[in-house]
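The primary structure of each chain is shown beneath.
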Amino acid sequence: MILTQLVAGSQRRVQAVPLAERMALEQRARQMTAPAPSFKRALAQPGLTIIGEVKRASPSKGLIAPDFDYLQIAQDYQNAKIDAISVLTEPDYFQGRLAYLEAIAATVTVPTLRKDFIVDASQVAAARVAGASAVLLIVAALDPDQLKRLLDLTHALQLDALVEAHTAADIKQAVAAGADIIGINNRNLQDFSVDIATSQQLRQQIPATCLAVAESGIQTPSQVHQLATAGFDAILVGETLMRAPDKAAAVAQLRAGVVA
Ligand SMILES: O=P(O)(O)OC[C@@H](O)[C@@H](O)c1c[nH]c2ccccc12
């Protein structure tokens, strides 16, 4: 399964860095006092909020943006009044880089999310040092202990975590670990098929104390309308916005779905 490969790649990259260096990075992150802009507060604003994603390629779609001016894209998202920006940092399948996130966080004022397959404390620390406001933690990629430890570290470093679930059992595990922002990924990790109904079906499993985010495959105003009606606080949109030549028009079109 693809997730297994992605997690293995992440583990390899982590192990390639000497332990002393990883510990030093965590130390550095712990010493940072100035908080990054709040991801959670940005998502909690009234109405359905939008996270735009900066993604060059993906395992299911291949190369999405051959002409990948990531700083311009992030700036366009911000000008389009997007609420937060997700930046892929996984290098092998998504052609991401931590350096993209670092440059984007230094350029925009909206909060940023590190989108990667996080399996180790040093990856959370690196996100903090790079200026991110939040990290993605995928329930299916972690055992319950790991999830709890990484989530605790995330909060200790003054970061938020978007905890990604695919099933009702994942949501239970996320809540048990202390998650306060839960994302439901509409993309099936075994076969890459996307079904927006996944979000709608699982929405009620997320407790009212958590923010709920619908992720993947969101293209049309009518889908946005369905997700807003289902009670989501935010949506995460990648490909649709990456392929749109006019980001402001594309964001406005999605927003039109909220009230439609
Ligand atoms: O491009 P889309 O279909 O709008 O999807 C965005 C985002 O949800 C997707 O990139 C994603 C969701 N969960 C992930 C985990 C890792 C990497 C990527 C993802």
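Predicted model, so just to flag it, every value in this text is computed and none were measured.

Caption draft 1: Spatial organisation of the nonpolar core. Ranked by internal contacts, the top residues of the largest apolar core, which has 82 residues, are V135, L137, V213 and I235. Discounting chain neighbours no more than four positions away, the residues touching V135 are L113, R114, I118, V124, A127, T154, L159 and A161.

Caption draft 2: Expanded view of the site of the ligand. In the vicinity of the ligand, 14 residues are found, and the nearest of them are E215, S216, L236, G238 and E239. At the level of elements, β10 (234-237) and α11 (239-242) are the ones that each hand at least two residues to the shell around the ligand. For the shell around the ligand, the residue count by class is 3 nonpolar, 5 polar and 6 charged.

Caption draft 3: How the structure looks around the sheet that holds strand β8 (residues 181-185). Reading around the circumference, β1-β4-β5-β6-β7-β8-β9-β10 is the order of the 8 strands in this closed barrel, with parallel pairing throughout. The sheet shows a mean angle of 25° between the axes of neighbouring strands, direction not considered. Two strands pair when backbone bridges link them, and strand β1 (residues 49-54) and strand β4 (residues 84-88) are joined in this way by 4 bridges, in the parallel orientation. Bridge assignment links G52 to a residue of β4, and that residue is I85. Across the face of the sheet, helix α7 (residues 144-156) comes into contact with β6 (134-138) and β7 (160-165) while running at roughly 175° to β6.

Caption draft 4: Structural context of the pairing of β6. With 5 of its 5 residues buried, β6 lies for the most part within the structure. Both faces of β6 are covered, namely the face carrying A134, L136 and I138 and the face carrying V135 and L137. The pairing of strand β5 (residues 112-115) with β6 spans 2 bridges and is parallel. The residue bridging R114 from the neighbouring strand is V135, located in β6. Since β5 and β6 lie parallel, the crossover through helix α6 (residues 121-129) that links them has a hand, and here it is right-handed. Relative to β7, β6 runs parallel, the two sharing 5 bridges. Considered in β7, the bridge of L136 is made with L162. Crossover connection from β6 via α7 to parallel β7: handedness right-handed.

What counts and what doesn't
- Residues numbered from 1 in each chain as written.
- Predicted model: local features only at pLDDT ≥ 70, side-chain atom pairs only at ≥ 80, totals over all residues.
- Core = buried A, V, L, I, M, F, W, Y, C linked by C-beta atoms within 7 Å.
- Buried ≥ 20, exposed ≤ 12 C-beta atoms within 10 Å, placed from the backbone.
- Contact = placed C-beta atoms within 7 Å.
- Near = placed C-beta within 6 Å.
- Helix = DSSP H or I, 4+ residues; strand = E, 2+ residues; numbered from the N terminus.
- Nonpolar A, V, L, I, M, F, W, Y, C, P; charged D, E, K, R; others polar.
- Pairing = 2+ DSSP bridges.
- Axes fitted to C-alpha atoms, helices over the stretch in contact; angles between N-to-C directions.
- Right-handed = clockwise from strand over helix to strand, strands pointing away.

Purely spatial values, then, with no claim about function.
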